[in-house]
Amino acid sequence: TGAFTFMFNDALTNPPPKDHQVGIAVRLADGEDRIGHVMVVLVDSNGVEQAWGFYPAGGGIDSLRGPGTINNDTTKYQEIFDKSGTDIGGVYLENVTKADYDALLADITAVAAAPGTYNLATRQCLDVATGLATKYLVGYTYSAGTPRGLMKEMWADYKTGASRPIGLRVGGQAKEFYQLTD
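Computed from a prediction, not measured in an experiment: that's the story for all the values here. (Residues numbered from 1 in each chain as written. Predicted model: local features only at pLDDT ≥ 70, side-chain atom pairs only at ≥ 80, totals over all residues. Heavy atoms only, no water.)

### Details of helix α4 (residues 125–133)
Buried residues dominate α4, accounting for 7 of its 9 residues. Every buried residue belonging to α4 is among Cys 125, Leu 126, Val 128, Ala 129, Thr 130, Leu 132 and Ala 133, and all of these are buried. The backbone nitrogen of Leu 126 has a side-chain oxygen 2.8 Å away, supplied by the residue at the start of α4, namely Gln 124. (Buried < 20%, exposed > 50% of the residue type's maximum accessible area, 1.4 Å probe, protein only. Helix = DSSP H or I, 4+ residues; strand = E, 2+ residues; numbered from the N terminus. Polar contact = N/O pair within 3.5 Å; in protein donor to acceptor, adjacent residues only side chain to side chain.)

### Considerations on a nonpolar patch on the surface
A cluster of nonpolar side chains, contributed by Ile 35, Leu 64 and Leu 120, occupies part of the molecular surface with about 270 Å² of accessible area. With respect to the helices and strands, Leu 64 occurs in the loop between β3 (49–56) and β4 (65–72). With relative accessibility at 45%, the residue Leu 64 sits in the partly exposed group. (Patch = residues over 30% accessible without salt bridge, like charges linked within 9 Å, V, L, I, M, F, W, Y side chains within 5 Å. Areas by Shrake-Rupley, 256 points an atom, 1.4 Å probe, with all protein chains shown as cover. Salt bridge = Lys/Arg side-chain N within 4 Å of Asp/Glu carboxyl O.)

### A few points about the pattern of salt bridges
In this structure the tally under the stated criterion is 3 salt bridges. For the salt bridge of Arg 27 with Glu 79, the shortest nitrogen-to-oxygen distance reads 3.1 Å. Separated by 52 residues along the polypeptide, Arg 27 in strand β1 (residues 20–28) and Glu 79 in helix α2 (residues 74–79) bring together distant segments of the chain. Between Asp 107 and Lys 135 there is a salt bridge; the shortest N-O distance is 3.0 Å.

The analysis is restricted to geometry; functional conclusions fall outside its scope.
Right, here's the structure in full:
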């Protein structure tokens, strides 16, 4: 029991560092974008970012309901913060351990291997991204049902300076967002 007590006390007094980040990002092409896109974001301890999003795999009617797919959205995520574009977006991030980062990456890989059905009304990018990431996010309180709604919630927090574990970044042409209405 002495070894167990030592290991238990060591885990309490020396927890693993939270030197990685995971979160949710939302991107609108511009202020008129009525749909938008949500993705899972991961940042490793070296600052290397990656983002993953859920999409319909096909075209035509399959764009509304049909096979789904997970795509690498790192470039789309980075475009949110490119001030030369028209994108509007935000990201909510929290610090996590490497174990949580790796677990989320494994969860993304599992969904990519068997993505299931995309349905714009019941299982789209917002549903999959929040379903994957929120179990690792202790302070995530957003409840919007659409990417545009999520951006509005993030924007409201950003304007009021709401406290978040790491915070909220809003990029692109976000200064125009406050004028948008549904």
